[in-house]
There are 2 protein chains.
Amino acid sequence: MRAVDLIRRKRDGGELSTDEIRFLVGGIATGEVPDYQWSALTMAILWRGMTPRETAALVHAMLHSGTVIDLSDIPGSKVDKHSTGGVGDKTSLILAPIAAACGVTVPMVSGRGLGHTGGTLDKLESIPGFRIDLDLAAYRRVARECGLVLIGQTAEIAPADRVLYALRDATATVESIPLITASILSKKLAEGIDALVLDVKTGDGAFMAKREDARALAESMTRIGRELGKPVQALITSMDAPLGRAVGNALEVWESVECLKGRGPDDLMEVSLELAAEMLVLGGVAANHDDALARCRRAIADGSALDRFRRVVAAQGGDPRVCDDPLGVLPKAATVELFRADRAGFVAGIRAWPVGQASMLLGAGRARVDSTIDPAAGIVFRKAVGDEVRAGDVVAEIHANPLHAAAVPQVLAMLGDATAIAVDRPPRSSLVLERL
Amino acid sequence: MRAVDLIRRKRDGGELSTDEIRFLVGGIATGEVPDYQWSALTMAILWRGMTPRETAALVHAMLHSGTVIDLSDIPGSKVDKHSTGGVGDKTSLILAPIAAACGVTVPMVSGRGLGHTGGTLDKLESIPGFRIDLDLAAYRRVARECGLVLIGQTAEIAPADRVLYALRDATATVESIPLITASILSKKLAEGIDALVLDVKTGDGAFMAKREDARALAESMTRIGRELGKPVQALITSMDAPLGRAVGNALEVWESVECLKGRGPDDLMEVSLELAAEMLVLGGVAANHDDALARCRRAIADGSALDRFRRVVAAQGGDPRVCDDPLGVLPKAATVELFRADRAGFVAGIRAWPVGQASMLLGAGRARVDSTIDPAAGIVFRKAVGDEVRAGDVVAEIHANPLHAAAVPQVLAMLGDATAIAVDRPPRSSLVLERL
């Protein structure tokens, strides 16, 4: 078997066998299939696509390029959630403690933010002392003791994906649905989960800006997951506006704690609760979606979700007082500038993409993989879509430290560009656009 | 400028600027654009194509990745010929001495054979002592003294092409017309030529098996060459049957000497003379095509072409007696097996591709870049297309040494498969299919 012949076949629109895909993925570790062959292959896959069978074989081979963690000694269902990423998307920090409180174990391996989107790991690391680099033994122990665990990808988990992901990033071959499916599922299935809930974002601030692309990815992921024996439930949710009020790492931890205390904004609570409810149904701890939603709401009302979050923060070395006094514990920016409405009316829209770009300029996100981030920086909206404003009202706070203070005028301009104020109140609509 | 953004643009069907192409090619030498980015880019180019302007910019950048030899101190025109490769194609050894004898300097940088096709360098090296690895000073000296010089690619000539060619070979991105155009023209224009004649082969034994692909390549090469200020004249010639009687390195040198003595077979002489005549016209030493053809025939009749070959062989360290007693000087195979006709009739066709494969099995060609070849091995046809045969007549000789003798039964079967014998004499037709 020669890689060049397989690349040629895919280039010409042909199909690769399961054995051939296993050979190609196995060749990443042995060096038998060097990176320059894989990058040509990923371009050919982006061009020609993959059948569901090929995609499933790719997931399987990448999954088994490393350790597939066995959590079967932990009683009950293990269910995780994955989001394709957005602006202000801190649902992981909210729904994982909720699901844990309701009896579903959530073993979550997350990533870092890149570009205009944030990453769960960066948010968690803004909690003083919080460690995301647990070894597998600690991962199991925390999952068992807390019902949830929140770590970063380890060397053992899908090493082939790490190589391919870096390669795709450098060769403009990220936007391929079979390759995205394989990357996400290989990492997620390696966690030891029984089922997965998928939050596919679409709209201005999403990677899949177009609804049909989001649907195609959701269909691919649910189909391939089910073919591999792991139920996958997908929601397509709107990422036209930032989710919740806070964008930035410590600021989003603060907002998540607010949500776990029952004081979260409607949009963020809707998406978090809908996703958590799907996890409960897949995990078999709720009879149906309505029952699941009711249980999730109860876990917030009775403080059990917040308690789970407090326990996992402590178990992972973080300061658990973040649950009681987040503003006292979390890092704070030196200055807060104010963005004000230039006219009266209703907030008709806040475009997520420029808000994500603006928060990156403040140091809250990474322009490059090796950028360092400022945990305290970011933006907090005091007005949300649908709110009435008067001219001069504060729409958003800009939290900045001296290193990025020079960006504030540009951030103000970007927020002005992102925020639409209209005469009429916009209609309210659900952020959950589709269920697959 | 980031390579990944340029790959993305090409992937999406966009166009690259001349500066961007220069950056990408320059990045090969500096390492700024690593091989894995180039291989994804070549796949994107194979997919999306390149405009003539992009292709010209690519040729220019690859040409200037190394030394562009200046032969302006040699009087008269410098014209070379390039063939896209075939089976039994030894026209370079015939037309270069003819053109030199007629007053056109031929500074020829050639390649080795790969797969079912032979290479000029391998043929020349079957002449005892012949050296193809001259340095640039010797290259100039031999070109000036003999009117022709025949070497292999040096480190100075289009180094970017060497890297890209190896990469394309390993990533199934060879078959792209802009990339083929850039590879050939960058090497050829670096030789210091004023004009180029191109022999684009089509048919069973050619890389461009389909006529329309051959035409597209010929059009691309002539257009881009002219855009870069170098006249390019292309012939599309048939490679359905092996060219001439001999296939194999020393055997083809023997046949070339026969041709230079005026004893060559019609098909080989037709293609060699037509190409040589184009070189004379481009080189300005003949008034028109008919005049050029007459001069070429005269150079054979008066022995001046053979004399040029004798001089270049001697100048490059080879044994010049190859021109007087080729069979005495050239290596000979230990055994000659005979392939006979199984019925009476007319030879209706001899498919070039299986003949090339068969000669490779005998050691005359390379299955892999690092295969060693047997200079004496090969096949000599005693019957050509159109000849009448009786059952039992010898159609071909199989020249084999012990290392590859085990392949002889398979070679016999392949020759049987390649040779069609029909009741009626096939019509005769010119091998020159088109002129561009």
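What you are looking at is a predicted structure, and each value in this text was computed from that prediction instead of being measured. (Residues numbered from 1 in each chain as written. Chains lettered and ligands numbered in written order. Predicted model: local features only at pLDDT ≥ 70, side-chain atom pairs only at ≥ 80, totals over all residues. Heavy atoms only, no water.)

**So, helix 4 (residues 52–63) of chain B**
Residue and element names in this part refer to chain B. The cut-off we apply is this: Numbering of helices and strands starts at the N terminus; helices are DSSP runs of H or I of at least 4 residues and strands are runs of E of at least 2. The span you would expect from a helix comes to 1.5 Å times its residue count less one. Partly exposed residues are those whose accessible area sits between 20% and 50% of the maximum for their type, while under 20% is buried and over 50% is exposed, using a 1.4 Å probe and protein chains only. By definition in these notes, contact holds between two residues if any of their heavy atoms fall within 4.5 Å.
Under the 1.5 Å per step criterion, the end-to-end length of helix 4 is 16 Å for twelve residues, consistent within 8% with the ideal 16 Å. Within helix 4, nine of the twelve residues are buried, which leaves the element mostly enclosed by the surrounding structure. Residues of helix 4 that are buried include every one of Glu-54, Thr-55, Ala-56, Ala-57, Leu-58, Val-59, Ala-61, Met-62 and Leu-63, and no others. Looking at the buried side of helix 4, the elements it contacts are helix 1 (3–11), helix 2 (18–30), helix 3 (35–48), helix 8 (159–171), helix 9 (177–189) and helix 10 (211–227).

**Focus: the relation of the copies chain B and chain A**
Selection criterion: Residues reaching a pLDDT of at least 70 in both copies supply the C-alpha atoms on which the copies are superposed by least squares.
With an RMSD of 0.0 Å, chain B superimposes on chain A once it is rotated by 180° and translated 0.0 Å along the axis. Such a combination of rotation and displacement between the chain copies is what one expects of a two-fold axis.

**Focus on the pairing of strand 5 (residues 232–238) of chain B**
All names here are of chain B. Definition in use: Think of it this way: DSSP has to see at least two bridges between two strands before they count as a pair. Note on handedness: a clockwise path from strand one over the helix to strand two, with the strands aimed away from the viewer, defines a right-handed crossover.
In terms of residue burial, strand 5 counts as a mostly covered element, since seven of its seven residues are buried. Of the two faces of strand 5, the one lined by Val-232, Ala-234, Ile-236 and Ser-238 and the one lined by Gln-233, Leu-235 and Thr-237 are each fully buried. In the sheet, strand 4 (residues 195–202) pairs with strand 5 via seven bridges, with the strands oriented parallel. Bridge pairing in strand 5 places Leu-198 opposite Ala-234. Regarding the hand of the β-α-β motif, the stretch spanning strand 4, helix 10 and strand 5 is right-handed. Relative to strand 13 (residues 432–435), strand 5 is paired through three bridges, and the arrangement is antiparallel. Pairing of Ile-236 across the sheet is with Glu-434, part of strand 13.

**Focus: the domain arrangement of chain A**
How big an interface is tends to be expressed through the accessible area that disappears when the partners come together. Worth spelling out the cut-off: Per the annotation, domain bounds derive from an automatic or database assignment of domains.
Segmentation of chain A into domains returns domain 1 (3–49), domain 2 (79–326) and domain 3 (331–422). Its C-alpha centre places domain 1 of chain A at a distance of 44 Å from the equivalent point of domain 3 of chain A.

**Quick notes on the sheet that holds strand 12 (residues 419–422) of chain A**
All names here are of chain A. Our working definition: Angles run from 0 to 180 degrees between N-to-C directions of axes, and those axes are lines fitted to C-alpha atoms, restricted for helices to the stretch in contact.
Strand order across the open sheet formed by three strands is 10-8-12, with antiparallel pairing between neighbours. Bordering the open sheet on either side are strand 10 (388–389) and strand 12, each of which pairs with just one other strand. Both strand 8 (residues 345–350) and strand 12 contribute to a ladder of four bridges, which runs antiparallel. Residue pairing across strands places Val-347 opposite Ile-421, the latter belonging to strand 12. Across the sheet, helix 17 (residues 408–418) is in contact with strand 8 and strand 12; its angle to strand 12 comes to roughly 45°.

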